Amino acid sequence: MARILLIEDSPTDTAVLTQLLERNGHQVLASGNAEDGIETCKREQPDLVMMDVVLPGMNGFQATRALSRDAATSTIPVLIVSTKGMDTDKAWGMRQGARDYIVKPPREDELIARINALLGA
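Cut-offs used in this document
All chains use their own residue numbering, which begins from 1 and follows the written sequence. The model is predicted, so local features are restricted to residues of pLDDT at least 70 and side-chain atom pairs to those at 80 or more, both for listing and for counting; the totals for chains, interfaces and linings are taken over all residues. Hydrogens and waters are ignored; side-chain quantities use all the structure's heavy atoms. As used in this record, nonpolar core signifies buried Ala, Val, Leu, Ile, Met, Phe, Trp, Tyr and Cys residues forming a set joined through side-chain atoms within 4.5 Å. Burial classes follow relative accessibility: with a 1.4 Å probe on protein chains only, a residue under 20% of its type's maximum area counts as buried, one over 50% as exposed, and anything between as partly exposed. Contact between two residues is taken to exist if any of their heavy atoms lie within 4.5 Å; hydrogens are not considered. Each reported salt bridge corresponds to a side-chain nitrogen of Lys or Arg within 4 Å of a carboxyl oxygen of Asp or Glu. Put simply, DSSP marks the helices as runs of H or I at least four residues long and the strands as runs of E at least two long, and each gets a number from the N terminus on.

(A) Representation of the nonpolar core. Counting 18 residues, the largest nonpolar core has Val-49, Met-51, Leu-67 and Ile-80 as the members making the most contacts within it. In contact with Leu-67, not counting residues within four places along its chain, are Ile-38, Cys-41, Val-49, Met-51, Thr-73, Ser-74 and Val-78. Judged by nonpolar contacts, the second largest core, of 15 residues, contains Leu-6, Met-50, Val-81 and Leu-111.

(B) Layout of the pattern of salt bridges. For the structure shown, the criterion picks out eleven salt bridges. Linking Lys-104 and Asp-13 is a salt bridge whose minimum nitrogen-to-oxygen distance equals 2.9 Å. Pair noted here: Lys-104 is in the loop between β5 (100–103) and α5 (108–119) and Asp-13 is in helix α1 (residues 11–23), with a separation of 91 residues, a long-range link. Overall, Lys-104 belongs to the buried group, its relative accessible area being 14%. Here Arg-114 makes a salt bridge to Glu-110, at a shortest N to O gap of 2.8 Å. Of this pair, Arg-114 and Glu-110 are both found in helix α5, four residues apart, which corresponds to roughly one turn of the helix. Overall, the relative accessible area of 26% leaves Glu-110 in the partly exposed class. Look at the salt bridges and you will find they share partners, linking Asp-100, Arg-107, Asp-109, Glu-110 and Arg-114 into a network.

(C) Region of interest: unusual backbone geometry. Residue Lys-104 is joined to Pro-105 through a cis peptide bond whose omega torsion reads -10 degrees. As for its position among the elements, Pro-105 is in the loop between β5 and α5. Positive phi, normally seen in glycine, also occurs at Gln-45, with a value near 50 degrees. Structurally, the position occupied by Gln-45 is in the loop between α2 (34–44) and β3 (48–51).

Bear in mind that shape data such as this cannot, by itself, settle questions of function.
Given below as structure tokens:
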């Protein structure tokens, strides 16, 4: 079981992804915006961060860059989960420090496989 921080501003997506992750044995911490998510990540040190891109204030690309460049959080893998599915979005997300990128809505088996790969499970 992993502790996963979900940074997502949609209450619906948060509920759906939380249920999916908990059904697969993970503990979920949720944050509704990037700034709170970064603070939660520093404080809680989760095993993995699932990051939306379209967020109020700071976007997910900026937050991913902040987490990947901060010594306190740089070892925590970031998985971007976004509706932005163009190759340029994926490439940009990876350049910001994300370890993987999956387009919403993710298939449960694919999402869990990607999470397990990132966690080395």
